[in-house]
Amino acid sequence: MKFARVLVWAAVALAGAAGLAAIAFERDEPLNATWFIVAAACTYLVAYRFYSAFIAAKVLALDPTRATPGERLDDGRDFVPTNKWVLLGHHFAAIAGPGPLVGPTLAAQFGYLPGTLWLIVGAVLGGCVQDFVILFCSMRRDGKSLGQMAREEVSRRGGFIAQLAVLAIMVILLAVVGLVVVNALKASPWGMFTLSMTVPIAMFMGVYLRFWRPGRVIEASAIGVALILLDVATGQWVANSPSWAHAFSFSAPGLAISLIIYGFAASALPVWLLLAPRDYLSAFIKVGAVFALAGGILLVRPVVQMPALSRFADGTGPVFAGKIFPFCFITIACGAVSGFHALISSGTSPKMIMNEAHARLVGYGAMLMESFVGVMAMVAACALSPGVYFAMNSPPAIVGGTAESAAQTISGWGYALAPQTMTDLAHMVGEQTLLNRTGGAPSLAVGMAQIFSHTIGGPHLMALWYHFAIMFEALFILTVLDAGTRVGRFMVQDLLGHVSKPLGRAGWYPGILFSSALITGAWGYFLYQGVLDPLGGINSLWPLFGIANQLLAAVALVVATTILLKMGKRKYLWVTLIPAVALVTVTMTASYEKIFSPDPHLGFLAAANQMAAQIASGAVPAGRLAETARLIFNQRLDAVVTGTLALMILVLVVEAIYEWVRIWTSSGAPVLHEAPYVRTQWQVETRAVEGDG
Amino acid sequence: MKSFAVFARKATVRYWWALRQIFGDAAYENYLRSLHRAARQHGSPITPLTPEEFYLDSLRRRYSQINRCC
């Protein structure tokens, strides 16, 4: 039996190695997407079976006899011991946002190889480790947050820095996801109508759940999903009606302002009315679409058209500027390593674990699933012809605003593209144009629509599938937007409470309005600046978001390393230390290049100086002076924000190193802030809790 | 045939149970069970929230902290 198991695992490992070898070395003929699935799935299986088991047994020494906070503090509200598969579903739904879809799509500009390898290797050695270890640490501390753990285990200043980093990343995250929605829906009456209708549908669900059938989420969501599908189909009629199409055609700035107003309203309105029902809808559709994409890829097995390495590996890419190192590693955050996950792993999940041993499946396993979503997004993006991909993801400042100019520029790069191709494709998906739709969402939607339409309906349903995919992406981006704005509002209120007591009170309405306006204004400013950016905004905002997110991951891994050191696990420090060092190196290099690179496409200060020089030389017309001055200010502001984020992590790293040296050289046992050991009582009650009884 | 029907019924029940747990339909029942368990252990009387109160309370708790990633 043991021999058979060895043989099976050897076969899985060999299949994974063959898949990775095919992705890395196959150049002679087009690569089938099946290789990506085989490489990813087998690597994940081996990593879960062996590496996560090693971490669970040797590094963390998970103790199934130790009562979890879910058991000890069970109140049926925050602390709820939950079946491990159900909790895996909860945790996966919480960590999987738009990031693992958009990041890989953008990173496809380097070709499929760098992004795919980073998704697989980064997740196995970095992201999953971070999620698992932080979940464990929080679980051993009664569900404390990352900021609280940093304050207790590293230093008070470290905790404050972690809290500030969370607020900063929140502001940039909300701006960048807002920009993705703006670029997907500008001048798209079908998409705009579909998304607008989700607001009354969500409100109807909210009233249903609040007054008619409290807590019947499946029932309300099923009604909501049916209405949404009807809504997507109706959108075609709207797009074909001149008067309705006009009413739902928004410019990018108009759409940005609408989103800002929406974010403010969603943050200030009662949560049951809009935010919660939209979240339920989004979760239903997200899970459905992800499984449909996986099934579609397995059935269609598309051929990847993007080269393994594109010419833009040299850093001159039109989607965003910068070389593979470090920019591939910050562009793909969610899907490989994402600091934001540490907030979920130290949020609700540790309070719901029924048995310590389940932390492995929930922490490590859920991140593997998210990485798989990222690989699927990479496949969908790379299944597009490179010409189409670059025409959709390049800003007008680089490829021009017409099909002819885009085709000429992109063909000049060596990626064949006929002007008619873009016109036909736009017609096929029911859009006026697909040019310059930066942000990744529309090109991913075209990739998904191609895969779905090959499975069901053929080319006739391309338009419907495209708008379904756009609705799916926009819906759960908006969920992130409104949930994030609300949490950001609480953080701002918390900070304002130190200045004025009433402003800090959660129930005082003027305080709610003021703090909502502050947080919405903060991300709204960055969103609007992205919309006005001649390079499309993604070029500056996505790297800023990536840097912030990976800095948070570095914070989490540094905190985890400190805790391991205090636990006496010196031999195994490399488990968290290696990814921490890698992330600090990546983010510091990226921050330096984004601030100081002499290339105006890459460096914020160089771009500002170039525009300032243009004003000084009289090259800017008088009518555009104010706009150019604003762009200069924005570039300098981005440089300051990047520098501040980098400085914060440096301070935390120095604090942590000081603490490590102190522990290493001290003869006494370091103070570990774990909850005391209590033996579990669950053996007798587990079946009842799992619902078998 | 009969065994397949039994298997299908069990699978459907299990699937429905998991769906209700994941999407939160079973939250109120779980809450009541927790409350009764605590009452059994500590011998204290229980005054549970109504389904509507519980639903609003759980929303307030969930959306006061980061519960969705990027």
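The rules behind the values
- Residues numbered from 1 in each chain as written.
- Chains lettered and ligands numbered in written order.
- Predicted model: local features only at pLDDT ≥ 70, side-chain atom pairs only at ≥ 80, totals over all residues.
- Helix = DSSP H or I, 4+ residues; strand = E, 2+ residues; numbered from the N terminus.
- Rg over C-alpha atoms; globule rule 2.2 N^0.38 Å.
- Buried ≥ 20, exposed ≤ 12 C-beta atoms within 10 Å, placed from the backbone.
- Contact = placed C-beta atoms within 7 Å.
- pLDDT = per-residue confidence, 0-100.
- Nonpolar A, V, L, I, M, F, W, Y, C, P; charged D, E, K, R; others polar.
- Expected span 1.5 Å × (residues − 1).
- Bend = angle between axes of the 7 residues up to and from the residue.
- Axes fitted to C-alpha atoms, helices over the stretch in contact; angles between N-to-C directions.
- Parallel < 35°, antiparallel > 145°, perpendicular 65-115°, else oblique.
- Left-handed = near helix turned anticlockwise from the far one by under 90°.

Attention now moves to the overall build of chain B. Assigned secondary structure in chain B consists of 3 helices and 0 strands. Ordered by position in the sequence, the α and β elements of chain B form the string α-α-α. What you see for chain B is a C-alpha radius of gyration of 17 Å, clearly larger than the 11 Å of a compact globule of 70 residues, by over 25%. By its C-alpha atoms, chain B is 50 × 45 × 20 Å across when sized along the principal axes. Out of the 70 residues belonging to chain B, those deemed buried represent 29%.

Here we take up the environment of A:Arg216. Looking at the element boundaries, A:Arg216 is found in the loop between helix H9 (189–212) and helix H10 (217–240). Other than its neighbours up to four places away in sequence, A:Arg216 contacts A:Leu209 and B:Asp25.

With that settled, consider the confidence of the model for chain A. Taken residue by residue, chain A gives an average pLDDT of 92. The fraction at 70 or more is 98%. Predicted confidence for residues 684–693 of chain A stays below pLDDT 50, and this span has 8 contacts to residues more than four positions away or in other chains.

Attention now moves to unusual backbone geometry. With the exception of glycine, most residues fall at negative phi, and the peptide bonds are largely trans. Residue and element names in this part refer to chain A. Residues Phe-325 and Pro-326 are joined by a peptide bond in cis, for which omega reads 10°. Turning to its location among the elements, Pro-326 is positioned in helix H14 (residues 324–331). Although it is not a glycine, Asn-436 adopts a positive phi angle of roughly 55°. For Asn-436, the location among the structural elements is in the loop between helix H20 (419–428) and helix H21 (441–455). What makes Asn-436 buried here is the crowd of 21 C-beta atoms within 10 Å.

Residue and element names in this part refer to chain A. Looking at the element boundaries, Ala-96 is found in the loop between helix H4 (84–95) and helix H5 (99–107). A count of 27 C-beta atoms within 10 Å places Ala-96 in the buried class. When the C-alpha atoms of Ala-96 and Cys-334 are compared, they prove to be 7.9 Å apart, with 238 residues separating the residues in sequence. With residues up to four places along the chain from it excluded, the contact list for Ala-96 reads Lys-286, Glu-370 and Val-373.

Below, the discussion takes up the environment of A:Ala590. All names here are of chain A. Within the secondary structure, Ala-590 is located in helix H26 (residues 574–596). The exposure class of Ala-590 is buried, given the 25 C-beta atoms found within 10 Å. Once residues lying within four places of it in the same chain are set aside, the contact partners of Ala-590 are Pro-326, Phe-327, Ile-330, Pro-543 and Ile-547.

Right, let's talk about the interface of chain A and chain B for a bit. The interface of chain A with chain B comprises 45 residues on the first partner and 32 residues on the second. Of all elements in the fold, only H4, helix H8 (156–185), H10, helix H13 (275–300), helix H15 (340–345) and helix H22 (462–496) of chain A reach the threshold of two or more residues within the side of chain A that touches chain B. Split into classes, the residues belonging to the side of chain A that touches chain B amount to 24 nonpolar, 15 polar and 6 charged.

Residues and elements named next belong to chain A. Taking 1.5 Å per residue, 26 residues should reach 38 Å; helix H2 (residues 34–59) reaches 35 Å between its end C-alpha atoms and fits that length. At Tyr-48, H2 shows its maximal kink, close to 35°. Among the residues of H2, Trp-35, Phe-36, Ala-39, Ala-40, Cys-42, Thr-43, Tyr-44, Ala-47, Ser-52, Ile-55, Ala-56 and Val-59 are the ones counted as buried. Phi for Ala-61, located one or two positions after H2, is positive at around 50°.

All names here are of chain A. Direction vectors running N to C along H4 and helix H16 (residues 359–382) enclose 50°, while the axes themselves pass 9 Å from each other. Taken together, the axis directions place H4 and H16 in an arrangement best described as oblique. Crossing handedness for the pair H4 and H16: right-handed. Contacts between H4 and H16 involve Lys-84, Leu-87, Leu-88, His-91, Phe-92 and Ile-95 from the former and Leu-361, Val-362, Gly-365, Ala-366, Met-367, Met-369 and Glu-370 from the latter. Tallied by class, residues from the contact of H4 with H16 come to 9 nonpolar, 2 polar and 2 charged.

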